[in-house]
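Structural description and commentary
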Amino acid sequence: AQSVTQLDSQVPVFEEAPVELRCNYSSSVSVYLFWYVQYPNQGLQLLLKYLSGSTLVKGINGFEAEFNKSQTSFHLRKPSVHISDTAEYFCAVRDLYNTDKLIFGTGTRLQVFP
Amino acid sequence: NAGVTQTPKFRILKIGQSMTLQCTQDMNHNYMYWYRQDPGMGLKLIYYSVGAGITDKGEVPNGYNVSRSTTEDFPLRLELAAPSQTSVYFCASSYDGYGYTFGSGTRLTVV
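To keep things clear, this report deals only with the structure shown in the data block. Given the structure is predicted, the values throughout are model-derived calculations rather than measurements. (Residues numbered from 1 in each chain as written. Chains lettered and ligands numbered in written order. Predicted model: local features only at pLDDT ≥ 70, side-chain atom pairs only at ≥ 80, totals over all residues. Heavy atoms only, no water.)

**What to know about the overall build of chain A**
Test applied: Per the convention used, a helix needs a DSSP run of H or I reaching at least four residues, while a strand needs a run of E reaching at least two, with both numbered from the N terminus. Values of the radius of gyration come from C-alpha atoms, whereas the globule rule sets the reference at 2.2 Å times the count of residues to the power 0.38. Only protein chains enter the area calculation, which uses a 1.4 Å probe; residues under 20% of their type maximum are buried, those over 50% are exposed, and those in between are partly exposed. Whether two residues are in contact is decided by their heavy atoms: any pair within 4.5 Å suffices. Under the convention used here, a 1.4 Å probe and the Shrake-Rupley method define accessible areas, while residue burial counts only the protein chains that appear. His is not counted, nor are the chain ends; Lys and Arg add positive charge and Asp and Glu add negative charge. Think of each charge as sitting on NZ of Lys, CZ of Arg, CG of Asp or CD of Glu.
Across its full length, chain A carries 0 helices and 12 strands. N-terminal to C-terminal, the α/β element order of chain A is β-β-β-β-β-β-β-β-β-β-β-β. Its C-alpha radius of gyration of 14 Å places chain A within 12% of the 13 Å reference for a compact globule of 114 residues. Reported as C-alpha extents along the three principal axes, the dimensions of chain A are approximately 45 × 30 × 20 Å. Looking at chain A residue by residue over its 114 residues, the buried ones come to 49%. Taking as baseline every contact in chain A between residues at least 6 positions apart, the subset at least 24 positions apart corresponds to 56%. For chain A, the exposed surface amounts to about 5500 Å²; the carbon and sulfur share of it is 50%. Counting 9 positive and 10 negative side-chain charges, chain A places the centres of these two groups 7 Å from one another.

What follows is the structure, encoded as structure tokens:
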């Protein structure tokens, strides 16, 4: 079964520094990949998604992610973070041919310090 | 445009009580989902539906039931509440099964 691994449960970073949140998925079959953000006491919002085409995907709030099929990874990056980026970030995957649902990782808590 | 609406936002139940978590969407989405979120565990799928009259189990369905009599509504039923069901519950919907729209969640405590 498909699974998603987010290796870092927490990532502390200073404001204006770059950040990378790591995500690896288990299957080598064709997949769709997503990053969601959850601000405190809110539901999840879609940051970006990879369905096909260019492996570099740009999302909202200056985030981008790169799909790497050989390494089965979909890491999220931002060149300069803001205090307002403090949130929980979830990577999710869906098989191209199997099921109608997303499988989520355990999340990475991004804490931005002034 | 309300999106996905969940009620209630908070609830405390005693062990053995029952309740229904309501979820309604006004986007005419066919796909709807129930997840629970526990600290450090991410989101686990409880049940999902690909259309009215069709439901299927997710990863953690035990102790829950769902129905989908209309496109708009996807209620989640807890029959005999247990402390292990203390969690935050999220409902989501999707037009095509890819981009999900989430509700704001229901925080449930079972004591």
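From this point, the narrative continues.
**Details of the interface of chain A and chain B**
The cut-off we apply is this: The buried area of a pairing is the accessible area, by a 1.4 Å probe, that goes missing from both parts when the two are put together, added over both. Think of a salt bridge as a Lys or Arg side-chain nitrogen and an Asp or Glu carboxyl oxygen that are within 4 Å of each other. The definition of a polar contact used here is a pair of N or O atoms within 3.5 Å, where within protein one atom must be able to donate a hydrogen and the other to accept one, and adjacent residues in sequence count solely through side-chain atom pairs. Residues were grouped as follows: Ala, Val, Leu, Ile, Met, Phe, Trp, Tyr, Cys and Pro as nonpolar; Asp, Glu, Lys and Arg as charged; and all remaining residues, including Gly, as polar.
Contacts between chain A and chain B engage 18 residues on the former and 22 residues on the latter. Regarding the contact of chain A and chain B, the summed buried area is about 1600 Å², with carbon and sulfur atoms giving 57% of it. Counting every contact that joins chain A to chain B gives 0 salt bridges. At the junction of chain A with chain B, the criterion picks out 4 residue pairs in polar contact (both at pLDDT 80 or more). Within the residue set of the side of chain A that touches chain B, elements represented by two or more residues are strand S5 (31–38), strand S6 (44–50), strand S10 (87–95) and strand S11 (103–104) of chain A. The biggest single contributor to the side of chain A that touches chain B is S5(A), with 4 residues. When grouped by side-chain class, the residues that make up the side of chain A that touches chain B number 9 nonpolar, 6 polar and 3 charged.

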